[in-house]
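These are the residues of each chain, in order.
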Amino acid sequence: MNKSLLLGLAFFITQAYAGESTPGKNDPISQTRKVSVLLVADEYFVERYENWQEKLKIWMASVSKTFQDEFQIAFEIRDIGIFEIWGDYRKSTFPRGIFEEITYLRKEKVDLIVGVSLFQPDCSQLSDINNFMLLGETFWLNRFALVRALDLPSNCPVQNYSQVKTKLWAQLNPQRVLLHEMAHVFGALDNLVPDSIMSYNSSSLKFDAENHRIISAFREYPFQENLSESTSWDLDRCVEQLIEADGLSLATLEKLFTTFKAAVELQNEFDFYH
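Throughout this document, residue positions are counted from 1 along each chain, in the order its sequence is written. Given that this is a predicted model, residues contribute local features only at a pLDDT of at least 70 and side-chain atom pairs are listed and counted only at 80 or more, while totals for whole chains, interfaces and linings are drawn from all residues. The basis for every side-chain value is the complete set of non-hydrogen atoms in the structure, without hydrogens or water.

Undergrad: Please provide a residue-by-residue account of the packing of helix α5 (residues 161-172) against helix α6 (residues 174-185), values included.
TA: At a minimum axis distance of 6 Å, the contact between α5 and α6 shows a crossing angle of 35 degrees. Of the residues in α6, those in contact with W169, A170, Q171 and L172 of α5 are P174, R176 and V177. Per-class residue counts for the contact of α5 with α6 are five nonpolar, one polar and one charged. Every angle, taken between N-to-C directions, lies between 0 and 180 degrees, and every axis is a line fitted to C-alpha atoms, over only the stretch in contact when it is a helix. The helix and strand labels rest on DSSP assignments: H or I over at least four residues marks a helix, E over at least two residues marks a strand, and numbering proceeds from the N terminus. By definition in these notes, contact holds between two residues if any of their heavy atoms fall within 4.5 Å. All residues other than Ala, Val, Leu, Ile, Met, Phe, Trp, Tyr, Cys, Pro, Asp, Glu, Lys and Arg, Gly among them, are scored as polar; the first ten of these are nonpolar and the last four charged.

Laid out in structure tokens, this is it:
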């Protein structure tokens, strides 16, 4: 590993913060971090599912259990609301208007805001559904995550359609997409590691070792504070966790710190991970 590069990258992000360490942050995890969540569904989703609130609660409970088991992070639903229509639920492009409309929610006193819409592709669009890009977008290390629930056609003139449908659902069902996006909220990066929730080509619900280390390092990240002005987060400890024992590959560290550097410099809340 190129230690000088790693230390240089660590030095950059350390200099981006003026905060001091908080007593106790270097101690082993002793209690669950509770993260408050506002769930917002648009009208397409609400009209499609009569029991839409229960669906959202089930999905979030599943994600919360995984984070609780892996990182002692629990997502607590503060409220569930209905939002206006975000875009055409049949298009294979993420509705851009969603980002302009959702900004009014920033005044809500919660840690995270999760928006849920619907994606109902027709049979001609099946070949386009091969990763998370159509179904989820996240503000990296920020307060917003967006998910489109996949609603596949019951029948299509496609060879072995039942198998195709089963595979797509295993990889891109709403609970898995939501887990993937919430991982990005805590700094996780996309990869092609077999059997990782962060891989496009997997149906796994497990975290690969590198992303597990990243999420653990960002576990205490203060979502409601400005990224470049945080005073309550122990950045030094986070950096130590990321570089100690060569736990991350050089390529992953470069990608991680480049993303972090851009976020600090630009404060661009519209730079997304899928």
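Undergrad: So, the side chain of S64: which residues are in play, and what are the values?
TA: Mapped onto the fold, S64 is located in helix α3 (residues 52-71). Here the term buried applies to any residue with accessible area under 20% of the maximum for its type, exposed to any over 50%, and partly exposed to those in between, with areas from a 1.4 Å probe on protein chains only. On the accessibility criterion, S64 (11% relative accessible area) is buried. Ignoring sequence-local partners within four residues, the contact set of S64 consists of I73, A74 and F75.

Undergrad: Let's hear about the packing of aromatic side chains: which residues, and what values?
TA: Aromatic pairing here means that ring centres of Phe, Tyr or Trp (its six-membered ring) are within 6.5 Å. Orientation follows from the plane angle: under 30 degrees is stacked, over 60 is edge-to-face, and everything else is tilted. One pass over the full model with this rule turns up eight aromatic pairs. Relative to F75, the ring of F67 has its centre 5.1 Å away and its plane inclined at 70 degrees; by these criteria the two rings are edge-to-face. Classification of F67 as buried rests on a relative accessible area of 0%. For F75, a relative accessible area of 6% gives the class buried. Judged by centre distance (5.2 Å) and plane angle (75 degrees), the ring pair of F71 and F207 falls under edge-to-face. Here F207 lies in the loop between α6 and α7 (209-217) and F71 lies in helix α3, a separation of 136 residues in the sequence. Among the aromatic side chains, those forming a connected cluster through ring pairs are F67, F71, F75, F186 and F207.

Undergrad: I'd like a rundown of α5, residues and numbers included.
TA: Expected helix span is computed as 1.5 Å times (number of residues minus one). Given a rise of 1.5 Å per residue, 12 residues ought to cover 16 Å, and the 16 Å separating the end C-alpha atoms of α5 matches this to within 8%. Of the residues making up α5, those classed as buried are Y161, L168, Q171 and L172. Projected onto a plane normal to the axis of α5, the buried residues spread over an arc of 100 degrees and lie on a single side. Facing away from the buried side of α5, by more than 90 degrees, are the exposed residues S162, Q163, T166 and K167. Close packing links the buried residues of α5 with β5 (144-150) and α6. This arc is taken over the directions from the axis of the helix to the C-beta atoms.

Undergrad: Let's hear about the pattern of salt bridges: which residues, and what values?
TA: Salt bridge, as applied in this entry: a Lys or Arg side-chain nitrogen positioned within 4 Å of an Asp or Glu carboxyl oxygen. Taken as a whole, this structure holds four salt bridges when the rule is applied. Close ionic contact of K57 with E54 constitutes a salt bridge, the shortest N to O distance being 3.7 Å. Taken together, the residues span about one helical turn, with K57 and E54 both in helix α3 at a distance of three residues. According to the relative accessible area criterion, K57 is partly exposed, its value standing at 38%. With relative accessibility at 44%, the residue E54 sits in the partly exposed group.

Undergrad: Which residues make up the environment of V147, and what are the values?
TA: Following the sequence through the fold, V147 ends up in strand β5. Overall, V147 belongs to the buried group, its relative accessible area being 3%. Along the primary structure V147 and V177 are separated by 30 residues, whereas in three dimensions their C-alpha atoms are 7.0 Å apart. Non-local contacts of V147, meaning those with residues more than four positions away in its chain, are made with G115, V116, S117, L135, G136, V177, L178 and E181.

Undergrad: Hey, could you go over the nonpolar core for me, with residue numbers and the actual values?
TA: Within this scheme, the nonpolar core is defined by two criteria: the residues are buried Ala, Val, Leu, Ile, Met, Phe, Trp, Tyr or Cys, and they are joined through side-chain atoms within 4.5 Å. Among the nonpolar cores identified, the biggest contains 66 residues, and F45, F67, F75, M182 and L242 are the most heavily contacted of them. Among residues more than four places away in sequence, those in contact with F75 are V35, V37, M60, V63, S64, F67, L112, M182 and F186. If you look at the next biggest cluster of nonpolar residues, it comprises six residues, including L38, V40, I113 and F144.

Undergrad: I'd like a description of the environment of M182, backed by residues and values.
TA: As for its placement among the helices and strands, M182 is situated in helix α6. The exposure class assigned to M182 is buried, which follows from its relative accessible area of 1%. It is 9.4 Å that separates the C-alpha atoms of M182 and W140, two residues lying 42 residues apart in sequence. Setting aside residues no more than four positions away along its own chain, M182 makes contact with V63, F67, F75, L112, V114 and A145.

Undergrad: Break down unusual backbone geometry for me, with residues and values.
TA: Positioned with a positive phi, Q72 is a non-glycine residue whose angle comes to about 55 degrees. With respect to the element layout, Q72 can be found in the loop between α3 and β2 (73-83). In this model, D195 sits at a positive phi of 60 degrees, which is unusual for a non-glycine residue.

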